[in-house]
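Overview (structure and organization)
What follows is the residue order along each chain.
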Amino acid sequence: MSPVSIEGHKDSDSTTAASGMLAGSSLMPLQRVQAGRRKRIPKLEHGLQAVLKREGVHWLRDPETREYNFPEYLESIPRVEDFAFDRLPGFVPSSQDKSLVSLAKKAQCSYAGSTSSLSGILTQIYLLLSEEKYVNTANLSTDFQDAPRFFTPGQRIPVSVILHYQDGVYATDYDAERDGSKEDIILLHLGTLLEKFLTMPKNVFDKFRKAYTSNDHPILKDTHHYSKYGKFLMRSQLDCRDDHLPGTGVFDLKTRAISVIRHDVYNYLNYLDCKIEALTGRHGSFEQEYYDMMRSAFLEYSFQARIGNMEGVMVAYHNTAQIFGFQYVSLRDMDLALFGRPDAGERVFLRCVALMELLYHEIAKCFPRESVKATFEKRAELLRVWVEPLENPTPGEDPPVVEIQLSVTNIMHGKPQRGQYVVYADYPWAVHYRIERSTEDQQTIRRNRERAYKRQMSIAQSQPDPRGLTLDPKNPTLRSEEALEAAVTDVSA
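Residues numbered from 1 in each chain as written. Predicted model: local features only at pLDDT ≥ 70, side-chain atom pairs only at ≥ 80, totals over all residues. Heavy atoms only, no water.

1. Observations concerning the overall build of the chain
On a plain count of helices and strands, the chain comes out with 14 helices and 17 strands. When each of the 493 residues of the chain is scored for burial, the buried share is 54%. Surface accessibility of the chain: about 22,000 Å² in total, with carbon and sulfur atoms responsible for 47%. (Helix = DSSP H or I, 4+ residues; strand = E, 2+ residues; numbered from the N terminus. Buried < 20%, exposed > 50% of the residue type's maximum accessible area, 1.4 Å probe, protein only. Areas by Shrake-Rupley, 256 points an atom, 1.4 Å probe, with all protein chains shown as cover.)

As structure tokens, then:
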């Protein structure tokens, strides 16, 4: 590669902490540390294996013949209040996962996290690296030729985590302190319920209903895959497997409520009459939901699948009361939608993981061997990270805050190139990075972070009031997405 001039971001109010070049030759694939026990990974039931064998949507009930393609039993979703969640193992945060921390130490890793705590950080890094490249809608019908192609505001808002320091390892937990969308809402519980509904025979699932009072229900254990990149250990829960699926045969299960409910989740009961009634079209179709996933979910889905060495995701479309159909979406499908080219995602992913590890190196230096809170936000040409100790060293005063800034320059064909191009192109790709610490005063740093906090909270504030008006199913984003877009893009906020 011929020498190039790098003219990245340089601010007189910052000092360079680290800089360098990430080249393709230095980016190794994830290393498997411990694979999940394959026999413990659930399989699909009720003939749903057919969804994996043919591309596209599989109606649960054919709208023309009115014949069921799968058991009628699947059409009606059990009520969340009737399900005994206490009979399931439950989610274990990274900081409470003794196996994760132990494996990290054994693998000589300094940082650890789960897909749920890391995918938001990787998303912020990708937005910086790609300059928020638009998604590719070329494979959708002409109904979507003029539809917005930018990522939804929910994908772009700041993300916060807590790094718990434990005997040499920083274990990452998601920090939901300001995230109203993570409150006790129906979709979180429903996702857990439906995973069991789709992977258990009816007679086994019935033992997890509250009405079943005997104690002979199966004792379930989650299965995890642990992978390593550099000093970073990552945990992924393995939802499902099929021995006839190419590759590892492992895939994620995703349950997807229709758009109008996701944009007004607190009033979901108002939309039980809203259904998916067509394959294509801007409203009331599977295509509409697929388009929405492209902008709001595929990026995190693809990161999670790659961390877990999975082949893709199977999606169940529903309105919280009724399932309409199923679709298997491979990593190649997601790569095409996100980057414009199948198989482009692996090298994008590795660069994002490498930059995340570099950021963690600098975060750990802010308050050595202490647990810290960190908030990440990509804005303009920088990704900023605000770091403060979890325990205030000076009670009665504001805790100190460090602002870290990451800037990147993409190099292709021996010169700087736009992020939208390099993500798609199939040529050697290097990334010049610069990590700096802001030297601005504490008041300015806090003000910057408070603005990020305000944008972070905007996703909850954009939800229609629980007592508010019912949204129009033909334009469900009218209030929620437009309000959030205004808050996220308000530079002066």
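Having seen the model, we can carry on.
2. Focus: the sheet that holds strand β11 (residues 312–318)
Pairing within the open sheet is mixed, and its five strands lie in the order β3-β12-β11-β10-β9. Across the chains shown, the open sheet's two edge strands, defined by having one partner strand only, are β3 (57–59) and β9 (240–241). As defined by bridge partners, β9 adjoins strand β10 (residues 250–257) across two bridges and the pair is classed as antiparallel. If you follow Cys-240 over to β10, its bridge partner there is Phe-251. Relative to β11, helix α8 (residues 286–296) is tilted by about 130 degrees, and along the sheet it contacts β3, β10, β11 and β12 (323–330). Together, β10, β11 and β12 form the strand contacts of helix α9 (residues 298–307), whose direction differs from that of β10 by roughly 155 degrees. (Pairing = 2+ DSSP bridges. Contact = heavy atoms within 4.5 Å. Axes fitted to C-alpha atoms, helices over the stretch in contact; angles between N-to-C directions.)

3. A word on unusual backbone geometry
In terms of backbone geometry, most residues other than glycine have negative phi values and most peptide bonds are trans. With phi around 80 degrees, Thr-320 is a residue other than glycine that occupies positive phi space. Mapped onto the elements, Thr-320 comes out in the loop between β11 and β12. We classify Thr-320 as buried; its relative accessible area is 11%. Positive phi, normally seen in glycine, also occurs at Asp-343, with a value near 75 degrees. Judged by its relative accessible area of 47%, Asp-343 is partly exposed.

4. Thoughts on the layout of surface pockets
To find leftover empty space, one rolls a probe the size of a water molecule over the atoms. Its boundaries defined by the atoms lining it, the second largest pocket holds a volume of some 480 Å³. Taken together, 21 residues form the lining of the second largest pocket, with Gly-56, Asn-139, Leu-140, Tyr-290 and Gln-327 sitting closest to its centre. If you list the elements that add at least two residues to the lining of the second largest pocket, you get α8, β12 and α10 (331–339). (1 Å grid on protein atoms, 1.4 Å probe; cavity = no way out; pocket = protein on both sides within 12 Å on 5 of 7 lines; lining within 4 Å. Points joined across faces, edges and corners; volume = space filled by probe spheres on them.)

5. Some remarks on empty space enclosed by the protein
Scanning the entire structure with this criterion turns up one cavity of 30 Å³ or more. There is about 40 Å³ of room inside the largest cavity. Together, Ser-160, Asp-175, Glu-177, Arg-178, Lys-373, Ala-374, Thr-375, Trp-386, Arg-449 and Tyr-453 line the largest cavity. Mapped by element, the contributors of at least two residues to the lining of the largest cavity are β13 (372–379) and α13 (442–461). Per-element tally for the lining of the largest cavity: the top contributor is β13, with three residues.

6. Some points on the nonpolar core
If you look at the biggest cluster of nonpolar residues, it comprises 93 residues, and the most contacted ones within it are Tyr-126, Phe-298, Tyr-360 and Phe-376. With residues up to four places along the chain from it excluded, the contact list for Tyr-126 reads Glu-131, Lys-133, Phe-151, Leu-299, Phe-303, Leu-338, Phe-339, Val-348, Cys-352 and Val-423. Listed in part, the 31 residues of the second largest apolar core include Val-51, Leu-190, Phe-197 and Ala-316. (Core = buried A, V, L, I, M, F, W, Y, C linked by side-chain atoms within 4.5 Å.)

7. Here we look at the environment of Arg-209
Turning to its location among the elements, Arg-209 is positioned in the loop between α6 (202–205) and β7 (224–229). Remark: the alpha-carbon pair of Arg-209 and Phe-85, spanning 124 residues in sequence, is separated by 8.7 Å. Contact partners of Arg-209, with chain neighbours within four places excluded, come to Tyr-73, Pro-78, Asp-82, Ala-84 and Arg-87. Polar contacts involving the side chain of Arg-209 include one to the side chain of Asp-206, which spans 2.8 Å. (Polar contact = N/O pair within 3.5 Å; in protein donor to acceptor, adjacent residues only side chain to side chain.)

8. Notes on the pattern of salt bridges
What the rule picks out here adds up to 27 salt bridges. A salt bridge links Glu-132 to Lys-378, with the nearest nitrogen and oxygen atoms 3.1 Å apart. Of this pair, Glu-132 sits in the loop between α3 (115–129) and α4 (153–156) while Lys-378 sits in strand β13, placing them 246 residues apart in sequence. What makes Lys-378 buried here is its relative accessible area of 11%. As a salt-bridge pair, Arg-306 and Asp-335 come within 2.8 Å of each other at their nearest N and O atoms. Taken as a pair, Arg-306 in helix α9 and Asp-335 in helix α10 lie far apart in primary sequence, 29 residues in all. A residue is classified by how much of its surface remains accessible, and Arg-306, at 13% relative accessible area, is buried. Residue class for Asp-335 comes out buried when judged on its relative accessible area of 1%. Residues joined in a network through salt bridges with shared partners are Arg-38, Lys-43, Arg-241 and Asp-243. (Salt bridge = Lys/Arg side-chain N within 4 Å of Asp/Glu carboxyl O.)

9. Points about the packing of α9 against helix α11 (residues 345–366)
Here α9 crosses α11 at 85 degrees, and the two axes come no closer than 11 Å. Here α9 is positioned roughly perpendicular relative to α11, judged by the angle of their axes. Listed contacts from α11 to Phe-303, Arg-306 and Ile-307 of α9 are Gly-345, Glu-346, Phe-349 and Cys-352. Residues belonging to the contact of α9 with α11 are distributed by class as follows: four nonpolar, one polar and two charged. (Parallel < 35°, antiparallel > 145°, perpendicular 65-115°, else oblique. Nonpolar A, V, L, I, M, F, W, Y, C, P; charged D, E, K, R; others polar.)

10. A short note on the environment of Leu-198
Inspection of the secondary structure assignment puts Leu-198 in helix α5 (residues 186–199). Exposure remark for Leu-198: the relative accessible area of 1% places this residue in the buried category. Along the sequence, Leu-198 and Leu-253 sit 55 residues apart, while their C-alpha atoms lie 9.2 Å from each other. Apart from the residues within four sequence positions on either side, Leu-198 is in contact with Lys-43, Leu-44, Glu-45, His-46, Leu-48, Leu-74, Met-314, Ala-316, Ile-323 and Phe-326.

11. Observations regarding the packing of aromatic side chains
Scanning all chains against the criterion turns up 21 aromatic pairs. Each ring, one from Phe-83 and one from Phe-208, has its centre 6.4 Å from the other, and the planes form 20 degrees; the classification is stacked. In this pair, Phe-83 is assigned in the loop between β3 and α2 (98–106) and Phe-208 in the loop between α6 and β7, connecting sequence segments 125 residues apart. With 5.2 Å between their ring centres and 85 degrees between their planes, Tyr-290 and Phe-298 make a pair best called edge-to-face. Side by side, Tyr-290 and Phe-298 carry an identical accessibility label, which is buried. Three or more aromatic residues joined by ring pairs form one cluster here, namely Tyr-73, Phe-83, Phe-85, Phe-197, Phe-205 and Phe-208. Of note, Arg-295 hangs over the ring of Phe-150, and the distance from its end group to the ring centre comes to 5.0 Å. (Phe/Tyr/Trp six-rings, centres within 6.5 Å; stacked < 30°, edge-to-face > 60°. Lys NZ or Arg CZ within 6 Å of the ring centre and 35° of its normal.)

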